[in-house]
Amino acid sequence: MIQTERVTTGIPGLDPILEGGYPKGRSILVTGDPGTGKTIFALQFLVEGLARGEKGIYVAADEGPADILEQGASLGWDLEKHIEQKELAILNAGTYLSSLSGAGKERQIDIYKAIGDLAGFVNRLEAKRLVLDPAGPFVLLRDTAMRIQDQTRLLIKLLRTSMPTTNILTSYGVPRTGERTLHGIEEYLVAGAIILEMIWKDGQLARSLVVEKMRCTDVKPAQHEFEIVKGRGVTLESLG
Ligand SMILES: Nc1ncnc2c1ncn2[C@@H]1O[C@H](COP(=O)(O)OP(=O)(O)OP(=O)(O)O)[C@@H](O)[C@H]1O
Ligand SMILES: [Mg+2]
């Protein structure tokens, strides 16, 4: 019988909730409003991989690689060391995507080329973990007639078929009811979706995590409180 292979999340307290981790080779969406912890959550997935000898690639869109290094350092993670050792690469999505487009008519780039090039990078580095933070730029490519939803479906499919990585895609919060926005990667297309949000608890704001879906995984519906702590990052385990 086929057994779902698991990839550890790097988040203390999350693996037991997910029968050991994310389904290997799939794309997991981490969604949430600004400041809810998406970047740290994604970074931690790579840091966990590095500790296990699994190389990683981080494609940053909103922030430059230097910002990501600084964010990591603030949590006690020496990412520069791993870059020097060629175990980690941080790419700037803007530079990366525009470098794929030529002049004039050639300016048009498509998702096949964007992901094809990324796959080349992944394979050269032999990366096992990939982060697109946020993934939006990959489905909002210029000059394309394809609907966002179809682009997203294609992105997930190409990630699955052209590289062996387990992927974290981040996106801004999508409303749980009503129209799904263009900025959100539709949750039904990915293998897993995790929502980070701020909630009010006993008159105070608290960070919360909900596993909205995880294919092949018995997830009990629950809201988990978490903290962001120096040296640990996102943790579901109480420090008390
Ligand atoms: N070194 C640190 N120690 C403790 N908490 C931190 C540290 N660095 C950041 N944080 C907390 O994490 C929050 C931001 O997390 P993060 O950047 O991962 O959010 P995000 O969801 O990616 O935001 P955005 O949508 O703006 O990119 C900060 O607002 C801060 O409260
Ligand atoms: Mg972020």
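Rules used in this analysis
- Residues numbered from 1 in each chain as written.
- Chains lettered and ligands numbered in written order.
- Predicted model: local features only at pLDDT ≥ 70, side-chain atom pairs only at ≥ 80, totals over all residues.
- Heavy atoms only, no water.
- Core = buried A, V, L, I, M, F, W, Y, C linked by side-chain atoms within 4.5 Å.
- Buried < 20%, exposed > 50% of the residue type's maximum accessible area, 1.4 Å probe, protein only.
- Helix = DSSP H or I, 4+ residues; strand = E, 2+ residues; numbered from the N terminus.
- Contact = heavy atoms within 4.5 Å.
- Pairing = 2+ DSSP bridges.
- Axes fitted to C-alpha atoms, helices over the stretch in contact; angles between N-to-C directions.
- Near = heavy atom within 4 Å.
- Polar contact = N/O pair within 3.5 Å; in protein donor to acceptor, adjacent residues only side chain to side chain.
- Areas by Shrake-Rupley, 256 points an atom, 1.4 Å probe, with all protein chains shown as cover.
- Nonpolar A, V, L, I, M, F, W, Y, C, P; charged D, E, K, R; others polar.
- 1 Å grid on protein atoms, 1.4 Å probe; cavity = no way out; pocket = protein on both sides within 12 Å on 5 of 7 lines; lining within 4 Å.
- Points joined across faces, edges and corners; volume = space filled by probe spheres on them.
- Parallel < 35°, antiparallel > 145°, perpendicular 65-115°, else oblique.
- pLDDT = per-residue confidence, 0-100.
- Salt bridge = Lys/Arg side-chain N within 4 Å of Asp/Glu carboxyl O.

Description of the nonpolar core
By size, the foremost hydrophobic cluster in this structure holds 32 residues, and its most contacted members are L14, Y22, F41, Y58, I168, I194 and L209. The biggest single contributor to this core is helix α1 (residues 38-51), with 7 residues. Once residues within four sequence positions are removed from consideration, L14 is found in contact with T9, Y22, F41, I194, L209, V211 and L236.

Overview of the sheet that holds strand β7 (residues 166-171)
With mixed pairing, 9 strands are arranged side by side in an open sheet as β5-β4-β6-β7-β3-β8-β9-β10-β11. The open sheet has two edge strands, β5 (88-92) and β11 (233-235), and neither has a second partner. Along the sheet, successive strands turn relative to each other by an average axial angle of 25°, direction set aside. Of the strand pairs in this sheet, strand β8 (residues 192-201) and strand β9 (residues 204-214) are connected by 10 bridges, and their pairing is antiparallel. What sits directly across from G192, in β9, is M214. Here α1 sits on the sheet and contacts β3 (27-32), β4 (55-60), β5, β6 (127-133), β7, β8, β9, β10 (223-229) and β11; the angle it forms with β6, its principal contact strand, is near 170°.

Some words on the site of ligand 1
Near ligand 1 lie 14 residues; those nearest to it are G35, K38, T39, S74 and R207. A distance of 2.7 Å is found between an oxygen atom of ligand 1 and a side-chain nitrogen or oxygen belonging to K38. The contact in question runs from a nitrogen atom of ligand 1 to an N or O atom on the side chain of Q71, over 3.0 Å. Here ligand 1 has 660 Å² of accessible area as a free molecule, and 68% of this is covered by the chains. For the shell around ligand 1, the elements supplying multiple residues, two or more each, are α1 and α2 (65-74). The biggest single contributor to the shell around ligand 1 is α1, with 3 residues. Partitioning the shell around ligand 1 into residue classes produces 5 nonpolar, 6 polar and 3 charged.

Describing the layout of surface pockets
Its volume calculated, the largest pocket comes out at about 210 Å³. Along its surface, the largest pocket is lined by 14 residues, and P34, G35, K38, T39 and E63 are the ones closest to its centre. A per-element tally of the lining of the largest pocket places α1 first, with 3 residues.

A word on the packing of α1 against α2
Following both chains from N to C, one finds α1 and α2 inclined at 80°, their axes separated by 11 Å at the closest point. Taken together, α1 and α2 sit at an angle that is classed as roughly perpendicular. Residues T39, I40 and L43 of α1 form the contact with α2, whose own contacting residues are I68, Q71 and G72. When grouped by side-chain class, the residues that make up the contact of α1 with α2 number 3 nonpolar, 3 polar and no charged.

With respect to the pairing of β6
Burial analysis of β6 places 6 of its 7 residues in the buried class, the great majority of the element. Inspection of the sheet shows β4 paired to β6 by 6 bridges, in the parallel sense. Each bridged residue has a counterpart across the sheet, and for I57 the counterpart in β6 is L130. Two elements, β6 and β7, share 4 bridges in a ladder whose sense is parallel. Each bridged residue has a counterpart across the sheet, and for L132 the counterpart in β7 is L169.

A closer look at the confidence of the model for the protein chain
Averaged over every residue, the pLDDT of the protein chain is 88; the share at 70 or more is 88%. Predicted confidence for residues 177-183 stays below pLDDT 50, and this span has 9 contacts to residues more than four positions away or in other chains.

Observations regarding the side chain of T170
Inspection of the secondary structure puts T170 in strand β7. Of the polar contacts made by the side chain of T170, one reaches the side chain of D133; its length is 2.6 Å.

Notes on the pattern of salt bridges
Summed over the entire model, instances satisfying the criterion amount to 9 salt bridges. In this structure, K113 engages D117 in a salt bridge whose closest nitrogen and oxygen atoms are separated by 3.5 Å. Within this pair, K113 and its partner D117 are both found in helix α5 (residues 111-125), separated by 4 residues, close to a single helical turn. Of the residues examined, D117 reaches a relative accessible area of 31% and is grouped as partly exposed. Linking R232 and E237 is a salt bridge whose minimum nitrogen-to-oxygen distance equals 3.4 Å.

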